[in-house]
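Read off the chains here:
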Amino acid sequence: MLSPLPSAKAMVPFVSVDNMMRLVHHLGIETMLAELTDAIEADFRRWESFDKTPRVASHSREGVIELMPTSDGSVYSFKYVNGHPKNIAEGLQTVTAFGLLAEVATGYPVLLTEMTILTALRTAATSAMAARHLAPKGARTMAMIGNGAQAEFQALAMKAVCGIDAVRLYDIDPRATEKTARNLAGSGLEIVSCRAAQEAIEGAEIITTCTADKQFATILTDNMVGAGVHINAIGGDCPGKTELHRDILARSDVFVEYPPQTRIEGEIQQMAPDFPVTELWKVVTGELPGRRDPRQITLFDSVGFAIEDFSALRYVRERLSGTAFYQNLDMIADPDDPRDLFGMLLRAKEAASAE
């Protein structure tokens, strides 16, 4: 007798925005950021086992829509993500995303999830992982320049993973700084709101830049950056969009995720094609050094890479086990006889007629 219900493999766990928020609060945001950092670092340690390709991008005057795929040979993932800076003026998110995890052996999806919140978490976790290897030892103060949707995640990740206890905020829109200061109240961080980028970076050992305009910009000039700091540059993430003056790059040791992508999208798009960079995974594995001396300027030119999304999706799937923070979606056509897809369609008509 033919089964009237789809098999378990046809049902794909789906994590909605509501359930992602419930999962974050269930685990605790700082706990989740710390665990995500470890999950990403674990996959960086096996970097060579992954397929790697620059993201597939569709650019327009309004923004960009991208697909970010990768696989470790056993599990495949991709993320759909956009970047539309003008959305904010219309009350819309600059970045939205969703992602999928699938088993390579069958091609069947095993997880579908929102990734707007998850991308913010994994971006902050990646920043903290890089800072753990590159920032000055004992760093306690972070400057956060650009106080949009990513700011609080960055601050809390640096607190949870690197032990910072003070954040100096600056944004060209004072309302963004007020929002960030309000959201971080009670976090255990000392919050200082500043009136200029120069003021924000005073005394900061870690400087994070995260602005949204899709244009070549100069958020930091060379004279603003002293010796011994770590710069976490996460705002430049597509062609024609940067935040740092090129002279800062020229006197920094620059670390990147995947050079073929970063040379197109990152801060180093300003530099010659042979400008020297170090792949971060080689620092994580100990193959190459990170911070070598106290006066060194280290710069993480972060544009986001698919392996980080893979890590985040894998982590969420593991953490969903035993919870109710998902729903099963009937996504995969599942006839009893895999050769008789049309017969399944006919039987659905018969079943509807009998109702």
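Just so we're clear, the structure is a prediction, and the values are computed from it rather than from any experiment.

(A) Quick look at the domain arrangement of the protein. The assigned domain composition of the protein is domain 1 (8-117 + 308-341) and domain 2 (124-304). Taking the mean C-alpha position of each, domain 1 and domain 2 sit 25 Å from one another. Counting the surface domain 1 buries against domain 2, the share from its top three residues, E30, F44 and R55, is 23%. Along the contact surface separating domain 1 from domain 2 lie four salt bridges. As a salt-bridge pair, E265 and R55 come within 2.6 Å of each other at their nearest N and O atoms. Applying the counting rule to domain 1 against domain 2 returns ten residue pairs in polar contact (both at pLDDT 80 or more). Within the residue set of the side of domain 1 that touches domain 2, elements represented by two or more residues are helix 2 (29-44) and strand 3 (64-71). At ten residues, the largest contribution of residues to the side of domain 1 that touches domain 2 is made by helix 2. Of the residues that constitute the side of domain 1 that touches domain 2, the class distribution is ten nonpolar, five polar and nine charged.

(B) View of the sheet that holds strand 4 (residues 75-83). With mixed pairing, the seven strands of this open sheet are ordered in space as 2-3-4-5-6-1-17. At either end of the open sheet lies a strand with only one pairing partner, and these are strand 2 (56-59) and strand 17 (327-330). Strand-to-strand twist of the sheet, defined as the mean angle between neighbouring strand axes without regard to direction, takes the value 20°. The pairing of strand 1 (residues 11-15) with strand 6 (residues 109-114) spans two bridges and is parallel. Within strand 6, the residue paired with V15 across the bridge is T113. Where helix 3 (residues 116-134) meets the sheet, it contacts strand 3, strand 4, strand 5 (97-103) and strand 6, and its direction lies at approximately 90° from that of strand 6.

(C) Spatial organisation of the packing of aromatic side chains. Enumeration over the complete set of coordinates arrives at six aromatic pairs. Three or more aromatic residues joined by ring pairs form one cluster here, namely F44, W47, Y258 and F305.

(D) Expanded view of the packing of helix 1 (residues 17-27) against helix 2. Where helix 1 contacts helix 2, the two axes come as close as 6 Å, and the packing angle between them is 95°. One finds that helix 1 runs roughly perpendicular with respect to helix 2. Of helix 2, the residues touching helix 1 (which contributes M20, L23, V24 and L27) are I29, T31 and M32. Residue composition of the contact of helix 1 with helix 2, by class: six nonpolar, one polar and no charged.

(E) Inspection of the nonpolar core at higher detail. Core analysis: the biggest nonpolar cluster contains 68 residues, and M32, L118, L121, L280 and V316 have the highest contact counts within it. When residues of this core are assigned to their parent elements, the largest contribution, eleven residues, is made by helix 3. Taken together, domain 1 (8-117 + 308-341) and domain 2 (124-304) each give at least three residues to this core, which thus spans both. Setting aside its immediate chain neighbours within four residues, V316 contacts V15, M20, L23, M32, L111 and L118. Formed by 25 residues, the second largest nonpolar core is a distinct cluster that contains I231, L244, M271 and I297.

(F) Inspection of the pattern of salt bridges at higher detail. Evaluated as defined, the whole model comprises 21 salt bridges. Residues E30 and K159 are paired through a salt bridge, measuring 3.0 Å at the closest nitrogen-oxygen approach. In this pair, E30 sits in helix 2 while K159 sits in helix 4 (residues 151-162), placing the two residues 129 residues apart along the sequence. With relative accessibility at 22%, the residue K159 sits in the partly exposed group. We note a salt bridge from D72 to R46, for which the minimum N-O separation is 3.1 Å. With D72 in the loop between strand 3 and strand 4 and R46 in the loop between helix 2 and strand 2, this residue pair connects regions lying 26 residues apart in the sequence. The exposure class assigned to R46 is partly exposed, which follows from its relative accessible area of 31%. Taken together, the salt bridges that share partners define one network made up of D43, R46, D72, R314 and E318.

(G) Region of interest: the side chain of T113. Tracing the sequence through the fold places T113 in strand 6. When its relative accessible area of 1% is taken as the criterion, T113 is described as buried. Among all residues touching T113, those that are not within four sequence positions of it are F14, V15, M20, F98, G99 and L313.

(H) Molecular detail of the sheet that holds strand 12 (residues 230-233). Taken in spatial order, the eight strands of this open sheet run 9-8-7-10-12-16-14-15, and their pairing is parallel. If you trace the sheet from one side to the other, it starts and ends with strand 9 (190-193) and strand 15 (278-279), each paired once. As paired elements, strand 7 (residues 141-145) and strand 8 (residues 166-170) share five bridges and run parallel to each other. Pairing of T141 across the sheet is with A166, part of strand 8. Sitting on the sheet, helix 4 touches strand 7, strand 8, strand 10 (206-209) and strand 12, and the angle it makes with strand 7 is about 165°.

Calculation notes
- Residues numbered from 1 in each chain as written.
- Predicted model: local features only at pLDDT ≥ 70, side-chain atom pairs only at ≥ 80, totals over all residues.
- Heavy atoms only, no water.
- Domains from an automatic or database assignment.
- Buried area = accessible area lost by both parts, 1.4 Å probe.
- Salt bridge = Lys/Arg side-chain N within 4 Å of Asp/Glu carboxyl O.
- Polar contact = N/O pair within 3.5 Å; in protein donor to acceptor, adjacent residues only side chain to side chain.
- Helix = DSSP H or I, 4+ residues; strand = E, 2+ residues; numbered from the N terminus.
- Nonpolar A, V, L, I, M, F, W, Y, C, P; charged D, E, K, R; others polar.
- Pairing = 2+ DSSP bridges.
- Axes fitted to C-alpha atoms, helices over the stretch in contact; angles between N-to-C directions.
- Contact = heavy atoms within 4.5 Å.
- Phe/Tyr/Trp six-rings, centres within 6.5 Å; stacked < 30°, edge-to-face > 60°.
- Parallel < 35°, antiparallel > 145°, perpendicular 65-115°, else oblique.
- Core = buried A, V, L, I, M, F, W, Y, C linked by side-chain atoms within 4.5 Å.
- Buried < 20%, exposed > 50% of the residue type's maximum accessible area, 1.4 Å probe, protein only.

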